[in-house]
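Analysis of the macromolecular model
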Amino acid sequence: MAAPKNSAPPLLRPQASVMLSRVAHSLYWMSRYIERAENLARLLDVNLQLMLDFQGFTTTAVEEHWGSILLSSGDEKLFAEHYPHADSRSVTEFFAFDPRNPNSILSSVYSARENARMIRDQISLEMWETINELYLYLHDRTSDEVWATGAAEFFNNIKRSAHLFQGLTAATYSRNEGWEFLQFGRFLERADKTTRILDVKYHILLPNATDVGGAVDTAQWQAVLRSASALEAYRRFYVREILAWKAAEFLIFSDSFPRSLHFCMAEIDDYLRRILGDTGTRPRTEAGRLSRRLLADLQSLTIDDVLQKHGLHEFLVEAQKVLDRIGEEVVQTTMFYPAESELGEQQQQQIQQ
Amino acid sequence: MSILNSHYDSGNFFDEMFIDGTAVRPHYRRLGERLGTLPLKDFDHRRAAVDLAFLRRGVTFTVYHDNAGTERIFPFDLIPRIIPNTEWQRIEAGLVQRITALNLFLDDVYHGQKCLKDKIIPPALVLGAKHFRREFMNFTVPRGIYVHICGTDLIRDHAGNYLVLEDNLRCPSGASYMIENRSAMRRAFPNLFHSYGVRPVESYGDDLVKALLHLAPADRDKPSVVLLTPGVFNSAYFEHCFLARQMGIPIVEGRDLVVRDARVYMRTTAGLVPVDVIYRRIDDDFLDPTVFRKDSMLGVPGLVSAYRAGNVALANSIGTGVADDKVIYAYVPQLIKYYLDQDPILPNVNTYLASEPLDRKFILENIEKLVVKSANEAGGYGMLIGPASTKEECEKFRDQVAANPRNFIAQDPIMLSRSPTWCDGALEGRHIDLRPYILYGDKITVTPGGLTRVALRKGSLVVNSSQGGGSKDTWVLQGDE
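Predicted, not measured: the structure shown is a model, and the values here were computed from it.

The helix and strand inventory of chain B stands at 16 helices and 24 strands. Expected size for 481 residues packed as a compact globule is a radius of gyration near 23 Å; at 23 Å, chain B falls within 12% of this value. Seen through its C-alpha atoms, chain B measures out along the principal axes to roughly 70 × 60 × 45 Å. Residues classed as buried in chain B amount to 50% of the 481 residues present. The contacts of chain B with a sequence gap of at least 6 include a subset with a gap of at least 24, amounting to 69%.

Assigned secondary structure in chain A consists of 17 helices and zero strands. The buried share of chain A, taken over its 353 residues, is 45%. Put simply, 70% of the contacts in chain A that link residues at least 6 apart link residues at least 24 apart.

A few words on the sheet that holds strand β14 (residues 313-315) of chain B. Residue and element names in this part refer to chain B. Read across the open sheet, the four strands follow the order β9-β8-β13-β14; overall the sheet is parallel. Two strands bound the open sheet, and with one partner strand each, they are β9 (251-252) and β14. Examined bridge by bridge, strand β8 (residues 225-228) and β9 share two bridges and lie parallel to one another. In the strand pairing of β9, Leu227 is matched with Ile251.

Bringing the sheet that holds strand β17 (residues 383-385) of chain B into the picture now. All names here are of chain B. Strand order in the open sheet formed by four strands is β15-β18-β16-β17, with antiparallel pairing between adjacent strands. Whereas interior strands pair on both sides, the edge strands pair on one side only; in this sheet they are β15 (351-353) and β17. The sheet shows a mean angle of 20° between the axes of neighbouring strands, taken without regard to direction. Relative to β17, strand β16 (residues 371-374) runs antiparallel, the two sharing three bridges. Bridging from a neighbouring strand, Val372 pairs with Leu384 of β17.

Another point: the interface of chain B and chain A. Counting residues at the interface gives 52 residues for chain B and 35 residues for chain A. Mapped onto the side of chain B that touches chain A, the elements with two or more residues apiece are α2 (40-57), α8 (204-213), α9 (237-247), β9 and β11 (263-268) of chain B.

With that out of the way, let us pick up the nonpolar core. Grouped together as the largest cluster of nonpolar side chains are 226 residues, with contacts concentrated most on Phe184 and Ile268 of chain A together with Leu212 and Val372 of chain B. Examining the composition of this core, we find that 15 residues originate from one element, helix α1 (residues 21-53) of chain A, more than from any other. If we skip the residues at most four places from it in the chain, Phe184 of chain A touches Tyr28, Ile268, Tyr271, Leu272, Ile275 and Val330 of chain A. Counting 10 residues, the second-largest nonpolar core is a separate cluster that includes Leu165, Leu416, Val454 and Val463 of chain B.

Turning next to helix α2 (residues 59-73) of chain A. Residue and element names in this part refer to chain A. Between its first and last C-alpha, α2 extends 21 Å over 15 residues, near the 21 Å set by a 1.5 Å rise per residue. All of the buried residues in α2 are His65, Trp66, Ile69, Leu70, Ser72 and Ser73. In this structure, the buried residues of α2 make contact with α1, α3 (76-82), α4 (88-97) and α9 (177-199). Immediately beyond the C-terminal end of α2, within one or two residues, lies Gly74, with a positive phi of roughly 80°.

All names here are of chain A. Where α1 contacts helix α10 (residues 218-227), the two axes come as close as 9 Å, and the packing angle between them is 160°. For the element pair α1 / α10, the angle class is roughly antiparallel. The element α1 and its partner α10 pack so that their crossing is right-handed. Taken together, the residues of α10 that come into contact with α1 (itself represented by Arg42, Leu43, Val46, Asn47, Leu50 and Asp53) are Ala219, Ala223, Arg226 and Ser227. In terms of residue class, the contact of α1 with α10 is made up of five nonpolar, two polar and three charged.

All right, on to the environment of Tyr331 of chain B then. Relative to the assigned elements, Tyr331 of chain B resides in the loop between α13 (326-329) and α14 (332-340). Along the chain, Tyr331 of chain B and Thr351 of chain B lie 20 residues apart, while their C-alpha atoms are 9.6 Å from each other.

Bringing the environment of Val306 of chain A into the picture now. Tracing the chain through its elements places Val306 of chain A in helix α15 (residues 303-310). Residues Val306 of chain A and Leu198 of chain A, 108 residues apart in the sequence, show an inter-C-alpha distance of 13 Å.

Bringing the pairing of strand β12 (residues 271-274) of chain B into the picture now. Residue and element names in this part refer to chain B. Both β11 and β12 contribute to a ladder of four bridges, which runs antiparallel. Looking at the pairing, Met266 lines up with Val273 of β12. Connecting β11 to the next strand, β12, in antiparallel fashion are two residues.

For the rest of this paragraph, the subject is the environment of Ile385 of chain B. All names here are of chain B. On the secondary structure map, Ile385 appears in strand β17. A tally of 16 C-beta atoms within 10 Å means that Ile385 is categorised as partly exposed. Taking the C-alpha atoms as reference points, Ile385 and Val462, 77 residues apart in sequence, are found 9.1 Å from one another.

This part takes up the confidence of the model for chain A. All names here are of chain A. The predicted model of chain A has a mean per-residue pLDDT of 86, with 89% of residues at 70 or higher. Per-element confidence in chain A is highest for helix α14 (residues 286-300), whose mean pLDDT is 96, and lowest for helix α17 (residues 343-349), whose mean pLDDT is 72. Low pLDDT, under 50, characterises residues 1-6; the stretch is placed with zero contacts to residues that sit more than four places away or in other chains. Counting contacts from residues 206-216, a segment whose pLDDT is below 50, to residues more than four positions away or on other chains yields 10 contacts.

What follows concerns unusual backbone geometry. Residue and element names in this part refer to chain B. Residues Ala315 and Asn316 are joined by a peptide bond in cis, for which omega reads -5°. For Asn138, which is not glycine, the phi torsion reads 65° and is therefore positive. Among the structural elements, Asn138 can be located in the loop between α5 (123-127) and β6 (149-156). You will see that Asp341, though not glycine, has its phi angle at about 55°, which is positive. Residue Asp341 is classed as exposed on the basis of its C-beta count, with 7 C-beta atoms lying within 10 Å.

Residue and element names in this part refer to chain B. When you tally the buried positions in β6, you get seven out of eight residues, the bulk of the element. Relative to strand β21 (residues 437-440), β6 runs antiparallel, the two sharing three bridges. If you follow Ile149 over to β21, its bridge partner there is Leu439. Relative to strand β7 (residues 162-168), β6 runs antiparallel, the two sharing six bridges. Bridge pairing links Asp153 to Glu166 in β7. Here β6 hands over to β7 after five residues, with Gly160 in that stretch at a positive phi of 90°.

Before going further, it helps to spend a moment on the confidence of the model for chain B. For chain B, per-residue confidence averages 91 on the pLDDT scale, and residues scoring 70 or more make up 97% of the total. The complex model carries a pTM of 0.85, and its ipTM stands at 0.74.

This part covers the packing of α1 of chain A against helix α5 (residues 105-118) of chain A. Two quantities define a packed helix pair, namely the angle between the helix axes and the distance between the axes. Residues and elements named next belong to chain A. In the contact formed by α1 and α5, the axes pass within 8 Å of each other and the chain directions differ by 155°. As judged from the angle between their axes, α1 and α5 are roughly antiparallel. In the crossing of α1 with α5, the sense of the turn from one axis to the other is left-handed. In this structure, α1 uses Ser26, Trp29, Met30, Tyr33, Ile34, Arg36, Ala37, Leu40 and Ala41 to contact α5, whose residues at the interface are Ile105, Ser108, Val109, Ser111, Ala112, Asn115, Ala116 and Met118. When its residues are assigned to classes, the contact of α1 with α5 shows 12 nonpolar, four polar and one charged.

The rules behind the values
- Residues numbered from 1 in each chain as written.
- Chains lettered and ligands numbered in written order.
- Predicted model: local features only at pLDDT ≥ 70, side-chain atom pairs only at ≥ 80, totals over all residues.
- Helix = DSSP H or I, 4+ residues; strand = E, 2+ residues; numbered from the N terminus.
- Rg over C-alpha atoms; globule rule 2.2 N^0.38 Å.
- Buried ≥ 20, exposed ≤ 12 C-beta atoms within 10 Å, placed from the backbone.
- Contact = placed C-beta atoms within 7 Å.
- Pairing = 2+ DSSP bridges.
- Axes fitted to C-alpha atoms, helices over the stretch in contact; angles between N-to-C directions.
- Core = buried A, V, L, I, M, F, W, Y, C linked by C-beta atoms within 7 Å.
- Expected span 1.5 Å × (residues − 1).
- Parallel < 35°, antiparallel > 145°, perpendicular 65-115°, else oblique.
- Left-handed = near helix turned anticlockwise from the far one by under 90°.
- Nonpolar A, V, L, I, M, F, W, Y, C, P; charged D, E, K, R; others polar.
- pLDDT = per-residue confidence, 0-100.

Here it is in structure tokens:
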């Protein structure tokens, strides 16, 4: 049978082959913000529980504990501007509900939704509904209510929504270029958060502290592992008691645990190459070189090297800098847009009859 | 207790469902029977489920001048508006007639201006119209079509006659709600659809993309079509996303597009990709800062030159606003006669032009009895409903009309028909209008249905979403009952 004559309208160009830079940008940030909210929820949840286990803590000890968490997040200055003391309530307020903190759970979820809204046509209905419901859940709650009814349930809901979102993304999003940006954003954020969770306890693992074992507060190291959802995985791997240096080793070097720095970095390196088309043995881009160097370190160094030669804190801070620069370069090369403050106003003015 | 038990008062209005408040019109009979057996708590349950679904899915619109949370769901009433087939066929014929004449008018205005020479319409009204685009004189639009997407507002008077209230020929919105409302109703009352024979509206997306593809420059193998949105802060952003998804086309902002050598491209992660047809949802004024408003950040510099070169098509075309100007509206019946030599199937609302001395005198003397509208506003803004307004409001409009007569028209207030609507636990009559959607591609398609908007506030005649309006699903039947 002959093909039908060309009287029918032409076929539409399929969209799958094309990805707007702006869309890539939004996918990347949406993914990062969701991962950020989830990590924060876990960090807060674990540390609030830890505080319950140590009711006898002096005010100074409590303040020190939350202080180290603030310090590792890099938000200690912003916190000090708005809160007089670091205690369970104020730090939770700051990290969970404070819109003045651009990295709070609230800000992260709002930003994730704003990005999702901008690419509403690109993501599946299920992905959108999950983010939107999480937004509505947060929108309808005040911190007083959450505090009164129990924060654990609240954090649990945040985590579950984030997991649901990740699962639905895997189940409903096509494996195209957009997927690479989603995963790149997710692992970059996760790698960063893992270094920060670990950094909370860095002062216990100073270079000369070879005999730290006895001094380590096991409960606190358990908390560190739980903050990274790593306690059970750690136990399967090492079986025995929790040792500080082993916990650090696990969170930095494990090649199978999906939240370790090494594991995340391997994923980042893979997606980065695909996004930048930088697939040669010697990378052409700065981001490619940085990523390969850090990955090589994570593949070849030992925990002794890190503790003795680099210093744990210095090593983690250096890794954070590299992650920042990789993210920055991807944004610059694939999706740079100038920020326009008046844009929103003109968008509103457009008459829709 | 069922929801029909409550006392229903039709008032002195044409009621869509009831005759004299008791007898049910034939095409509403089956709905009446269903509602008669539906327990109140079931009805409430379905209503809550529908509202929740809208919220979860983000079927929302944005309200201007409202700082308390900018997104709202469009209030939805579960009682559908039902139109029998015979009635619909007349509406359809009237709409096809009207859009045909309006396209001929636009073609004439931008070419020979015969209608001005033949004194069908005063030249000053056309040439001085706010949305007349002198720059596009003698420009031939792709396939000769100016208005590809049209949303015409219809109302029914006290006797049930359909009248045209206004033509929306620039960026008519609401088609997404027509489709979302239908899907909500299907979930709420699946069995009613079985027994009724309701014509589907879901073909709208397909028809729209076909109409857009029809415009693509002839030499393009697989044309790329995009929807150009002002962005996420626009009140109709949900709709833009919805339609783009229905059609499977990318949604772009002005900053995503760039013009090189009079061709439009979108910026992608893999470089520039050509664009052939743009369904634009931004005003003419903002399309291209090098031609229209210089401060526009929503448009694309050079877009107009690419359009002029025939390398990209726009829907709707530039300059269509001259034909939905409310002053020009008054002349549409004459234009239908002039271009088609037919009598209008759907009449206008009786309209007075402030630009005409006799009419102006009448308006100024009777302003408190009339509905006064500014010529180029949309969304229920810039409007006075005399009988429902204070002395001060009338005075203010009187001054405005006297100062700038070209910019105003007045109409007899129409007692819009009412439809039973669920209001705070009882069924009450509320005023409604109807916006059907007309697509002009290789043929003219009127989607069987449309958006029925309802003024939820008691006694209100303003149905716009920005002014406390809601919506209903609109059922066009296969048969007459």
